[in-house]
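# Coordinate analysis (summary)
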Amino acid sequence: MSDEDRRVIAELEQRILLSDPDFAQRMATGPREVRFPAVSVLCAGLFILVPPVMLLFGWPGLIIVVDLFIAALVAVVLNRRSPRSP
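Cut-offs applied
- Residues numbered from 1 in each chain as written.
- Predicted model: local features only at pLDDT ≥ 70, side-chain atom pairs only at ≥ 80, totals over all residues.
- Heavy atoms only, no water.
- Helix = DSSP H or I, 4+ residues; strand = E, 2+ residues; numbered from the N terminus.
- Rg over C-alpha atoms; globule rule 2.2 N^0.38 Å.
- Buried < 20%, exposed > 50% of the residue type's maximum accessible area, 1.4 Å probe, protein only.
- Axes fitted to C-alpha atoms, helices over the stretch in contact; angles between N-to-C directions.
- Parallel < 35°, antiparallel > 145°, perpendicular 65-115°, else oblique.
- Contact = heavy atoms within 4.5 Å.
- Nonpolar A, V, L, I, M, F, W, Y, C, P; charged D, E, K, R; others polar.
- Patch = residues over 30% accessible without salt bridge, like charges linked within 9 Å, V, L, I, M, F, W, Y side chains within 5 Å.
- Areas by Shrake-Rupley, 256 points an atom, 1.4 Å probe, with all protein chains shown as cover.
- Salt bridge = Lys/Arg side-chain N within 4 Å of Asp/Glu carboxyl O.
- Expected span 1.5 Å × (residues − 1).
- Bend = angle between axes of the 7 residues up to and from the residue.

## With respect to the overall build of the chain
Within the chain, the regular secondary structure consists of 3 helices and 0 strands. Mapped from its N terminus to its C terminus, the chain presents α and β elements in the order α-α-α. Over its C-alpha trace the chain gives a radius of gyration of 24 Å, far above what one expects of a compact globule, namely 12 Å for 86 residues. The dimensions of the chain, computed from C-alpha atoms along their principal axes, are 70 × 35 × 20 Å. For the chain, buried positions account for 12% of its 86 residues.

Right under this line is the structure:
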């Protein structure tokens, strides 16, 4: 990287700092914590469980599995929306 490129990058960084300090603050703090993809895992689990449950237990088993899935999904969403205590 040449000195000219470094100068241009430094100038762009200064413009960002002056024009949008909130964005600059977010960029300076680093990446946030990556959450475990619980909703995707629950959906994949439901997708995998439906055929064997339907074969072994029929419609009543399927209704129970879907109800448990919905309860777990609601629990995950409410847990993620709740305020974190320090």
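## Structural notes on the packing of helix H1 (residues 3–19) against helix H2 (residues 21–29)
Where H1 meets H2, the axes come as close as 5 Å, and the angle between the chain directions of the two elements is 120°. With respect to each other, H1 and H2 are oriented oblique. Contact with H1, carried on its side by Ile16, Leu17, Leu18 and Ser19, involves Pro21, Phe23 and Ala24 of H2 and no other residues of that element. Along the lines of polarity and charge, the residues of the contact of H1 with H2 split into 6 nonpolar, 1 polar and no charged.

## Quick notes on a nonpolar patch on the surface
Where nonpolar side chains cluster on the molecular surface, the patch consists of Val66, Ile70, Val74 and Leu78 and spans about 330 Å² of accessible area. Relative to the elements of secondary structure, isoleucine 70 occurs in helix H3 (residues 38–81). Isoleucine 70 sits in the partly exposed class, given a relative accessible area of 44%.

## Topic: the pattern of salt bridges
A side chain of one charge can pair with a side chain of the opposite charge when the charged atoms of the two come close. Counted under the stated rule, the structure contains 4 salt bridges. Residue aspartate 3 pairs with arginine 6 through a salt bridge whose shortest N-O separation is 3.4 Å. Of this pair, aspartate 3 and arginine 6 both sit in helix H1, 3 residues apart, roughly one helical turn. Relative accessible area serves as the criterion here: at 47%, arginine 6 is assigned to the partly exposed category. Note that arginine 7 is salt-bridged to glutamate 11, the shortest N-O span being 3.5 Å.

## A closer look at the environment of isoleucine 64
For isoleucine 64, the location among the structural elements is in helix H3. Separated by 11 residues in the primary sequence, isoleucine 64 and valine 53 place their C-alpha atoms 9.6 Å from one another.

## Notes on H3
Taking 1.5 Å per residue, 44 residues should reach 64 Å; H3 reaches only 14 Å between its end C-alpha atoms and comes up short. Taking the largest bend as the criterion, H3 deviates by roughly 135°, centred on phenylalanine 57, and proline proline 60 comes between one and four positions later. Those residues of H3 not exposed but buried are Ala38, Leu46, Val53, Gly58, Gly61, Leu62, Val65, Phe69 and Val76.

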